[in-house]
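Fold and contact review
Residue strings, one per chain:
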Amino acid sequence: MNMYEVSAEQTSAFGAFSLTYLTGEIDGHDSLAADGALPIPGRFFAYYWNSSPRMRLTSSPMMTSLR
């Protein structure tokens, strides 16, 4: 499980919020970024929770169905 904390200064109108998500890492599905210098584990997104009621109201229909 991973969590991001976003301060009010980092958003344009949503205020501070946290975003927590659950993923599973999948062996053999890693990729590379930054011209091959940054390894990124292959992950399957399973669920997320956003602490901001305002942000949840403006989420995309796909993300709304995942909550």
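So, here is what we can say about the structure in this document. (Residues numbered from 1 in each chain as written. Predicted model: local features only at pLDDT ≥ 70, side-chain atom pairs only at ≥ 80, totals over all residues. Heavy atoms only, no water.)

Describing the overall build of the chain
From N to C terminus, the chain includes two helices and five strands. Helices and strands appear in the chain in the N-to-C order β-β-β-β-β-α-α. Sequence-distant contacts in the chain: of pairs separated by 6 or more residues, those separated by 24 or more amount to 28%. As presented, the chain carries roughly 5100 Å² of accessible surface, and 60% of it is formed by carbon and sulfur atoms. (Helix = DSSP H or I, 4+ residues; strand = E, 2+ residues; numbered from the N terminus. Contact = heavy atoms within 4.5 Å. Areas by Shrake-Rupley, 256 points an atom, 1.4 Å probe, with all protein chains shown as cover.)

Examining the pattern of salt bridges
Tallied over the entire structure, the rule returns one salt bridge. As a salt-bridge pair, Arg-43 and Glu-25 come within 3.1 Å of each other at their nearest N and O atoms. A residue pair is termed long-range when its members are at least 10 positions apart, and Arg-43 in strand β5 (residues 43-50) and Glu-25 in strand β2 (residues 17-25) qualify at 18 residues. Residue class for Glu-25 comes out exposed when judged on its relative accessible area of 55%. (Salt bridge = Lys/Arg side-chain N within 4 Å of Asp/Glu carboxyl O. Buried < 20%, exposed > 50% of the residue type's maximum accessible area, 1.4 Å probe, protein only.)

Some words on unusual backbone geometry
Its identity as a non-glycine residue notwithstanding, Ala-34 has a phi of 50°, on the positive side. The residue Ala-34 is located in the loop between β3 (31-33) and β4 (38-40) in this model. Judged by relative accessible area, Ala-34 falls into the exposed class, the value being 54%. Even without being a glycine, Asp-35 presents a positive backbone phi close to 55°. Within the secondary structure layout, Asp-35 lies in the loop between β3 and β4. Looking at Asp-35, the relative accessible area reads 87%, which means it is exposed.

Some details on a nonpolar patch on the surface
A surface patch of nonpolar side chains, about 300 Å² in accessible area, is lined by Leu-22, Tyr-47 and Trp-49. Positionally, Leu-22 belongs in strand β2. (Patch = residues over 30% accessible without salt bridge, like charges linked within 9 Å, V, L, I, M, F, W, Y side chains within 5 Å.)

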